[in-house]
Amino acid sequence: MNGNPRHVLCFGELLLRLAAPHGEALLQGTRLDAHFGGAEGNVAVAIARLGRPAAMVSALPDDAVGDAAIDSLRKAGVDTSRVVRTTGRMGLYFFTPTAGGSVIYDRADSAFAATRDYDWPALLEGAGWLHLSGIIPALGPEMAEVGLAAIAAARAAGVRVSFDGNFRGSLWARWCADPGPILADYIGGADLLFGSHRDLSLALGREFGGTPEVQQHDAAQAAFERFPQLAAVAATNRAIVSADHHRLSARIDARSEACATPAIEVSGVVDRIGTGDAFAAGVLARIDDGLETAAHTGLALAALKHGIAGDHSTATQRDLAAFAGGLADVRR
């Protein structure tokens with residue numbers, strides 16, 4: 001996307017996150033910390049923070065909470081003119097920041113889940129990429145069709161599609177015992193997939209063995225054989241040394257080349273939520289500059305997000321430059 005003014009259009013649900021303060025169980029005390037999030041919105045914010053054009057398509061209640069969610073995107077530089085305002089409620093999730101973190105969703109019948117009709121030809125105008133995730137079909141069969149319609153419209157308009165598997169077992173369990181075929185339909189329309197070998201095992205109905213790097217390589221090659229449209233598969237690999245010390249690396253496989261980064265140490269972990277979205281944003285922002293640049297940018301943005309509270313990345317190009325200069329540990 002370097003030098004390309006066409007924006008990344010992110011489509012997905014915006015959520016209000018209510019989190020227990022660090023060191024407390026959920027509702028142990030009298031306070032919950034509020035942040036706005038949602039996977040695709042996180043990607044839009046992270047891209048915009050880097051100075052790249054990003055826009056959001058979603059649906060929010062036409063009330064004060066919806067206004068605040070819009071403001072959280074606007075202040076990062078995201079174009080929110082395509083967000084539908086309607087009746088209903090905003091989806092929530094409750095987060096307990098334990099060592100692994102735990103999430104409770106409260107998003108049934110949200111304004112986003114109830115919105116079906118989008119004018120995709122108009123919404124996609126000026127877009128270079130459409131980015132969406134597997135959370136959309138996990139919300140129910142109707143939303144699964146909405147996401148596929150968005151992908152079909154992007155393909156018809158010549159807009160590239162980025163898809164993040166973002167498997168959410170608790171959401172799928174409400175309505176679908178075998179999400180693999182649906183996820184395969186989504187991957188089949190994507191140019192760029194953010195997904196681990198576990199995501200591809202689910203979509204392809206097969207397992208991959210060996211070391212993490214071999215598993216990811218073999219899964220990517222199997223995906224290329226199954227999905228002719230797919231051009232690249234990107235993923236991170238995480239080793240947890242302790243609750244606040246992780247080891248992170250990144251890999252991007254294309255059909256004729258691959259790039260795997262060395263692992264970096266991420267210490268002083270503050271908040272792991274949104275780190276995968278930050279990785280996706282970094283890759284999307286630099287994918288047209290080559291796999292190595294995209295992989296290292298995504299990894300740097302993901303590492304920096306570990307030191308930022310809330311779902312949204314606040315890292316800028318200046319932060320990336322400082323990181324590349326040797327600040328491999330997350331700054332606190």
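Here, every reference points to the structure presented above.
Residues numbered from 1 in each chain as written. Predicted model: local features only at pLDDT ≥ 70, side-chain atom pairs only at ≥ 80, totals over all residues. Heavy atoms only, no water.

Visitor: Describe the packing of aromatic side chains, listing the residues and the values that go with them.
Guide: Inspection of the entire model under this criterion finds eight aromatic pairs. Taking 5.1 Å as the distance between ring centres and 75° as the angle between the ring planes, the aromatic pair formed by Phe 11 and Tyr 118 counts as edge-to-face. Linking Phe 11 in strand β1 (residues 7-11) with Tyr 118 in the loop between α3 (111-114) and α4 (120-123), this pair joins segments that are 107 residues apart in sequence. Across the pair, Tyr 118 and Phe 11 agree in class, each one buried. A centroid spacing of 5.3 Å and a plane angle of 35° characterise the contact between Phe 163 and Tyr 186, whose relative ring orientation is tilted. You can see Phe 163 sitting in strand β10 (residues 160-164) and its partner Tyr 186 sitting in helix α8 (residues 180-188), a full 23 residues away along the chain. Given a relative accessible area of 0%, Tyr 186 falls into the buried group. Taken together, the aromatic side chains of Phe 11, Phe 112, Tyr 118 and Trp 120 make up a single cluster linked through ring pairs. One cation-aromatic arrangement involves Arg 107 over Tyr 105; the distance from NZ or CZ to the ring centre is 4.9 Å. (Phe/Tyr/Trp six-rings, centres within 6.5 Å; stacked < 30°, edge-to-face > 60°. Helix = DSSP H or I, 4+ residues; strand = E, 2+ residues; numbered from the N terminus. Buried < 20%, exposed > 50% of the residue type's maximum accessible area, 1.4 Å probe, protein only. Lys NZ or Arg CZ within 6 Å of the ring centre and 35° of its normal.)

Visitor: Can you lay out the sheet that holds strand β8 (residues 102-106) for me, pointing to particular residues and giving the numbers?
Guide: Spatially, four strands are ordered β3-β2-β7-β8 in an open sheet, and the strand pairing comes out mixed. Both edges of this open sheet fall to β3 (33-37) and β8, since each of them pairs with a single strand only. Taken over all neighbouring pairs, the strand axes of this sheet differ in orientation by 25° on average, direction set aside. In the sheet, strand β7 (residues 91-96) pairs with β8 via five bridges, with the strands oriented antiparallel. Residue pairing across strands places Phe 94 opposite Ile 104, the latter belonging to β8. (Pairing = 2+ DSSP bridges. Axes fitted to C-alpha atoms, helices over the stretch in contact; angles between N-to-C directions.)

Visitor: Give me the lowdown on the environment of Pro 179, citing residues and values where you can.
Guide: Its location among the elements puts Pro 179 in the loop between α7 (169-172) and α8. Measuring from C-alpha to C-alpha, the distance between Pro 179 and Val 45 comes to 28 Å, with 134 residues separating the pair along the chain. For Pro 179, the contacting residues outside a window of four places in its chain are Phe 167, Trp 172 and Leu 202. (Contact = heavy atoms within 4.5 Å.)

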